[in-house]
Amino acid sequence: MRIAMWSGPRNLSTAMMYAFAARSDCAVVDEPFYAAYLKESGEVHPMQEAILASQPQSASEVIAQCLGPVPDGKDIFYQKHMSHHMLPAFPLAWTDDVINVFLLRHPARVIASYNEKREKPVLDDIGIRQQAELFNRQMTLNGEPPVVIDSDDLLTDPATGLQALCEAIGIPYDAGMLSWPAGGNKADGVWAEHWYNAVWASTGLKAAARKPVPVLSETLQEVCEQALPYYYQLEKYKLTF
């Protein structure tokens, strides 16, 4: 089984990868299209040269990896993908051969967190528009909506949320997904030292009260307003638990 988890940045995506990496039956990969995205788009991100050197820069090579043998002979191949990495020039037919799941988070929370690491994000930096496009493609092809899970819902009740997710994608729940050792994961991309400090310090998913939606500056609020229609479109289909 190959699971493509589509997310934007600052969306609990790394913690979710760690949860699946904690399963004995699962191999994981961290944002395999990142280098190909940087090369094709011309975008400049923190640790640019290290990222470009660490991964294939050809989308076709990355696709072959995503559809190829599961690393370490595991039964499940969990792929953490940033939806904005899928540029228009990149083929999408490969996504029909994986189980597509969409990890959602309120845009205001994403934007506030992203702005702390890379200032002045625009709509296409946070991936929600591309998430909606990928979601609509799969729903049109399959005649039913793909699985959507809200990261804020998950944080309020991680055990129940992970059980619901596992059931929705057809794998047994493993309580070991709730915890992992501090200090990172061997699957982390080279960019982890810039982006993953919070999850490196964590030891698992622990229930937490939902915080208020952050108040944004006028400029960032404009980006949020652009993002909200896409968020509301996907929110209608999220798992309830």
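Residues numbered from 1 in each chain as written. Predicted model: local features only at pLDDT ≥ 70, side-chain atom pairs only at ≥ 80, totals over all residues. Heavy atoms only, no water.

Engineer: Run through unusual backbone geometry, naming residues and quoting values.
Structural biologist: One non-glycine residue, Met 47, lies in positive phi territory at about 65°. One can find Met 47 in the loop between helix H2 (34-41) and helix H3 (48-54). Positive phi, normally seen in glycine, also occurs at Asp 72, with a value near 60°. Structurally, Asp 72 is set in the loop between helix H4 (59-67) and strand S3 (76-82). (Helix = DSSP H or I, 4+ residues; strand = E, 2+ residues; numbered from the N terminus.)

Engineer: Any details on the nonpolar core? Residues and values, ideally.
Structural biologist: Ranked by size, the top nonpolar core spans 72 residues in total, and within it Met 16, Phe 20, Phe 33, Tyr 78, Trp 94, Leu 165 and Ile 169 carry the most contacts. No other element matches the 7 residues that helix H11 (residues 218-235) contributes to this core. If near-sequence neighbours (up to four positions away) are discounted, Met 16 is found in contact with Met 5, Tyr 78, Leu 103, Ile 149, Leu 154, Leu 162 and Leu 165. (Core = buried A, V, L, I, M, F, W, Y, C linked by side-chain atoms within 4.5 Å. Buried < 20%, exposed > 50% of the residue type's maximum accessible area, 1.4 Å probe, protein only. Contact = heavy atoms within 4.5 Å.)

Engineer: I'd like to hear about the pairing of strand S1 (residues 2-7), residue by residue, with values.
Structural biologist: Among the 6 residues in S1, 5 count as buried, and that is most of the element. Note that S1 and strand S4 (residues 99-104) share 4 bridges and pair parallel. Following the sheet pairing, Met 5 is matched in S4 by Val 101. (Pairing = 2+ DSSP bridges.)

Engineer: Let's hear about helix H6 (residues 128-142): which residues, and what values?
Structural biologist: Here H6 spans 21 Å end to end across 15 residues, near enough to the 21 Å set by a 1.5 Å rise per residue. Buried residues along H6 sit in contact with S1, S4, strand S5 (147-150) and H11. Backbone geometry just after H6 places Gly 143 at a positive phi near 75°. (Expected span 1.5 Å × (residues − 1).)

Engineer: Which residues make up the environment of Leu 234, and what are the values?
Structural biologist: Among the secondary structure elements, Leu 234 is positioned in helix H11. A relative accessible area of 0% places Leu 234 in the buried class. When the C-alpha positions of Leu 234 and Pro 145 are compared, they lie 9.4 Å apart, and in sequence the two are 89 residues distant. If near-sequence neighbours (up to four positions away) are discounted, Leu 234 is found in contact with Phe 102, Leu 104, Gln 131, Ala 132, Phe 135 and Val 148.

Engineer: Quick one: what's the story with the packing of helix H5 (residues 107-117) against H11, residue by residue and with numbers?
Structural biologist: Closest axis-to-axis distance for the H5/H11 pair is 9 Å, and the angle between their directions is 140°. In terms of axis orientation, H5 runs oblique to H11. Crossing hand, H5 versus H11: right-handed. Taken together, the residues of H11 that come into contact with H5 (itself represented by Pro 107, Ala 108, Ile 111 and Asn 115) are Leu 220, Val 223, Cys 224, Ala 227, Leu 228 and Tyr 231. Grouping the constituent residues of the contact of H5 with H11 by class yields 9 nonpolar, 1 polar and no charged. (Axes fitted to C-alpha atoms, helices over the stretch in contact; angles between N-to-C directions. Parallel < 35°, antiparallel > 145°, perpendicular 65-115°, else oblique. Left-handed = near helix turned anticlockwise from the far one by under 90°. Nonpolar A, V, L, I, M, F, W, Y, C, P; charged D, E, K, R; others polar.)

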